Amino acid sequence: TGDAWGELMVAAGLTAGARQPVQPETWDMYLHLQPDTPLYDASSTTQLSRDSKGAALAIAKVALRKWHDSVKGREEQEGWPFPGGRGEEWMVMARLALPKCITDSEAEALQAAGLVDCSIPGAFHSSGPRECEGTCGTPHAVAWLFFVMFCA
């Protein structure tokens, strides 16, 4: 049918990809883009390895900071948000580090680090600051039950 139920079911069932250990291609890209720069946990001075808990999120944070630094002030240039330089590589690395979707805790951590802003601009009743939410969906069985019980 033309109502996109299949697409809705796929979106409702997104689950976060593997975070630990960091996928080899992501780790290799980090080492390529950040040679001689150890990866540290933001809440401590602990150096992270590919197998460390939180390494994927730490890589995503580095990538988002580097992307922002490479494109800041270039919003009017052709090709935004990748107006040349390494901007696109940093974003690819962030996507590799947090594949498929981001969890609520990852979204909150990115917001706390000042890397994402989920505020709604404007002067509407729903405008203002908001806490970021993840983009992962509900498992298929729960989504199916909801749609059958309440939407069918």
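In what follows, the structure referred to is the one given above.
Residues numbered from 1 in each chain as written. Predicted model: local features only at pLDDT ≥ 70, side-chain atom pairs only at ≥ 80, totals over all residues. Heavy atoms only, no water.

Colleague: Before we move on, could you go through the overall build of the protein and cite the residues and values that matter?
Modeller: For the protein, the count of helices and strands is 6 helices and 2 strands. Counting from the amino terminus, the protein carries its helices and strands in the arrangement α-α-β-β-α-α-α-α. Expressed as a percentage of the 152 residues in the protein, the buried residues total 31%. Put simply, of all contacts in the protein between residues at least 6 apart along the chain, 63% involve residues at least 24 apart. Summed over all atoms, the accessible surface of the protein reaches about 9,800 Å², with 57% contributed by carbon and sulfur. (Helix = DSSP H or I, 4+ residues; strand = E, 2+ residues; numbered from the N terminus. Buried < 20%, exposed > 50% of the residue type's maximum accessible area, 1.4 Å probe, protein only. Contact = heavy atoms within 4.5 Å. Areas by Shrake-Rupley, 256 points an atom, 1.4 Å probe, with all protein chains shown as cover.)

Colleague: So what's going on with the pattern of salt bridges? Residues and values would help.
Modeller: Summed over the entire model, instances satisfying the criterion amount to 1 salt bridge. Between glutamate 106 and arginine 19 there is a salt bridge, with the nearest N and O atoms lying 2.7 Å from each other. Of this pair, glutamate 106 sits in helix α5 (residues 104-112) while arginine 19 sits in the loop between α1 (5-12) and α2 (24-33), placing them 87 residues apart in sequence. Like arginine 19, glutamate 106 is buried. (Salt bridge = Lys/Arg side-chain N within 4 Å of Asp/Glu carboxyl O.)

Colleague: Would you mind going over α2 in detail, with residue names and values included?
Modeller: In an α-helix, one turn spans 3.6 residues; hence positions three or four apart end up facing the same way. All buried positions along α2 are accounted for by Thr26, Trp27, Met29, Tyr30 and Leu33. Down the axis of α2, the buried side of the element spans an arc of 160°, and every buried residue falls inside it. Lining the buried residues of α2 we find β1 (39-40), β2 (47-48), α3 (55-71) and α4 (87-97). (Arc of directions from axis to C-beta.)

Colleague: Run through the nonpolar core, naming residues and quoting values.
Modeller: Ranked by size, the top nonpolar core spans 26 residues in total, and within it Val22, Tyr30, Leu39, Ile59, Trp90, Met93 and Leu98 carry the most contacts. Residue assignment for this core shows that the elements contributing at least two residues are α2, α3, α4 and α5. Ranked by residue count, the leading element in this core is α3, at 11 residues. Methionine 93 has contacts with Thr26, Met29, Tyr30, Leu33, Ile59 and Ala63, leaving out every residue within four places of it along the chain. (Core = buried A, V, L, I, M, F, W, Y, C linked by side-chain atoms within 4.5 Å.)

Colleague: How would you explain the side chain of threonine 26 if you had to name every residue and give the values?
Modeller: For threonine 26, the position within the fold is in helix α2. Using a relative accessible area of 0% as the deciding quantity, one classes threonine 26 as buried. In this view, threonine 26 contacts Ile59, Met93, Leu96 and Ala97; residues no more than four positions away in its chain are not counted.

Colleague: How would you explain the environment of methionine 93 if you had to name every residue and give the values?
Modeller: Residue placement: methionine 93 occurs in helix α4. The spatial distance from the C-alpha of methionine 93 to the C-alpha of valine 62 is 9.3 Å, given a sequence separation of 31 residues.

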